Amino acid sequence: MHRPHHILLPVNPLFIGLSLIFAFSLNLMPWGTWLWVPDFVALTLVFWNLHEPRRVGISIAFLMGMLMDVASSTLLGENALAYTLLSYVSIMIHRRVLWFPVRTQALYILLLILFMQVVQLVIRLLVSGQAPNYWHYFSASLISAMLWPIVTWLLLMPQRRVVNRDDNRPL
């Protein structure tokens, strides 16, 4: 199968910030607490950790986690720890994951988000002793993996602009 190769333009740091703010606002929506709704901040953090690990690192993940903890009134540090570990693992494997097509990357995303949810579950178990009594607690991981191609397409769109289009150049 022939895959077109795009030379991506450098990412605008303002776009990274706006995408994280938009993901944060999606998590704050009233439907953001439903089980099947993915954690958009985590999905956006994973994307930027894979594509721009030097710009969006563990400190940004920690900050976004603290903001999510305060905004969602959860245990202070729960999301911060989960996002920090998620970003660490994402940055650690970013070179391997980007070699795969987007659909194969979605399998890695499934495992990463599932890992983050397990960390959150363990924290809740240690602190409160309560665990969700339903099996679809982890459905957000599957939804995140299914949304990965769309997220990738949307967040790479500004970088795919052609500056000087020339039909005679192959790239």
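Look above for the structure.
Residues numbered from 1 in each chain as written. Predicted model: local features only at pLDDT ≥ 70, side-chain atom pairs only at ≥ 80, totals over all residues. Heavy atoms only, no water.

### Focus on the environment of leucine 63
Rule in force here: Counting from the N terminus, the helices are the DSSP runs of H or I reaching at least four residues and the strands are the DSSP runs of E reaching at least two. Residue burial is assigned from relative accessible area. The probe radius is 1.4 Å, only protein chains are included, and a residue is buried under 20% of its type maximum, exposed over 50%, and partly exposed in between.
With respect to the helices, strands and loops of the structure, leucine 63 is situated in helix H3 (residues 58–72). Classification of leucine 63 as partly exposed rests on a relative accessible area of 48%.

### Points about the pattern of salt bridges
Our working definition: Salt bridge, as used here, is a side-chain nitrogen of Lys or Arg placed within 4 Å of a carboxyl oxygen of Asp or Glu.
Per the stated rule, a full pass over the model turns up two salt bridges. The salt bridge involving glutamate 52 is made with arginine 55; its shortest N-O contact spans 3.9 Å. Note that glutamate 78 is salt-bridged to arginine 124, the shortest N-O span being 2.8 Å. Of this pair, glutamate 78 sits in helix H4 (residues 78–97) while arginine 124 sits in helix H5 (residues 102–128); the two residues are 46 residues apart in sequence, bridging distant segments of the chain.

### Comments concerning the environment of glutamine 159
We count it as follows: Throughout, a residue-residue contact means that at least one pair of heavy atoms, one from each residue, lies within 4.5 Å.
Relative to the assigned elements, glutamine 159 resides in the segment after helix H6 (139–156). Along the primary structure glutamine 159 and valine 11 are separated by 148 residues, whereas in three dimensions their C-alpha atoms are 6.2 Å apart. Other than its neighbours up to four places away in sequence, glutamine 159 contacts Ile7, Leu8, Leu9, Pro10, Val11 and Trp48.

### A closer look at the packing of helix H2 (residues 40–51) against H5
Packed helix pairs are characterised by how far apart their axes lie and by the angle those axes make with each other. Convention followed: Note on geometry: axes are lines fitted to C-alpha atoms, helical ones only across the stretch in contact, with angles between N-to-C directions running from 0 to 180 degrees. Every angle not falling under 35 degrees, over 145, or within 65 to 115 is termed oblique; those three ranges are roughly parallel, roughly antiparallel and roughly perpendicular. For any helix crossing, the convention is left-handed if the near helix is rotated counterclockwise from the far helix by under a right angle, and right-handed if that rotation is clockwise. Here the term charged refers only to Asp, Glu, Lys and Arg, the term nonpolar to Ala, Val, Leu, Ile, Met, Phe, Trp, Tyr, Cys and Pro, and the term polar to all other amino acids, Gly among them.
Their axes nearest at 11 Å, the elements H2 and H5 cross at an angle of 125°. Overall, the two elements H2 and H5 adopt an arrangement that is oblique. Here H2 runs over H5; the crossing is right-handed. Within the contact between the two elements, H2 uses Ala42, Leu43, Val46 and Leu50 and H5 uses Ile109, Leu112, Ile113 and Met116. Looking at side-chain class alone, the contact of H2 with H5 contains eight nonpolar, no polar and no charged residues.

### Quick look at the nonpolar core
We count it as follows: Definition used in this section: a nonpolar core is a set of buried Ala, Val, Leu, Ile, Met, Phe, Trp, Tyr and Cys residues joined via side-chain atoms within 4.5 Å.
In this structure, Val41, Leu45, Val46, Tyr83, Ile109 and Trp148 are the most contacted members of the largest nonpolar core, which totals 37 residues. Sorting the residues of this core by element identifies helix H1 (13–28), H2, H3, H4, H5 and H6 as the ones contributing at least two each. Those residues within four positions of tyrosine 83 in sequence are excluded, and the remaining contacts are Asn27, Asp39, Val41, Ala42, Leu45, Ala61, Met64, Gly65, Met68 and Met116.

### Quick word on the packing of aromatic side chains
We count it as follows: Centres within 6.5 Å are what make two rings of Phe, Tyr or Trp a pair, Trp counting through its six-membered ring; a difference in plane orientation under 30 degrees is then read as stacked, over 60 as edge-to-face, and the rest as tilted.
Across all of its chains, the model carries six aromatic pairs by this definition. Ring plane angle 90° and centroid distance 6.1 Å describe the contact between tryptophan 31 and phenylalanine 40, whose orientation is recorded as edge-to-face. Accessibility expressed as a relative area gives 30% for tryptophan 31, which makes it partly exposed. Grouping aromatic residues by their ring pairs yields a cluster made of Phe15, Phe47, Trp48 and Trp148.

### Quick notes on H6
Residue pairs three or four apart in sequence face the same way in an α-helix, which turns once every 3.6 residues. To be explicit about the condition: In this analysis, the expected span of each helix is defined as 1.5 Å times one less than the number of residues it contains. Given a residue, its bend is the angle between the two axes fitted to the seven residues that end at it and to the seven that start from it.
The first and last C-alpha atoms of H6 sit 26 Å apart over 18 residues, in line with the 26 Å expected at 1.5 Å per residue. Taken as a whole, H6 carries its principal kink of about 45° at leucine 147; the proline proline 149 stands between one and four residues after it. Every buried residue of H6 is accounted for by Ala140, Ser141, Ser144, Ala145, Trp148, Val151, Thr152, Leu155 and Leu156. Buried positions along H6 lie against H1, H2 and H5.

### Quick notes on the packing of H1 against H2
Where H1 contacts H2, the two axes come as close as 7 Å, and the packing angle between them is 155°. By the angle between their axes, H1 is roughly antiparallel relative to H2. Judged by residue contacts, Phe15, Ile16, Ser19, Leu20, Ala23, Phe24, Leu26 and Asn27 of H1 engage Phe40, Val41, Thr44, Leu45 and Trp48 from H2. Residues of the contact of H1 with H2, tallied by class, amount to 10 nonpolar, three polar and no charged.

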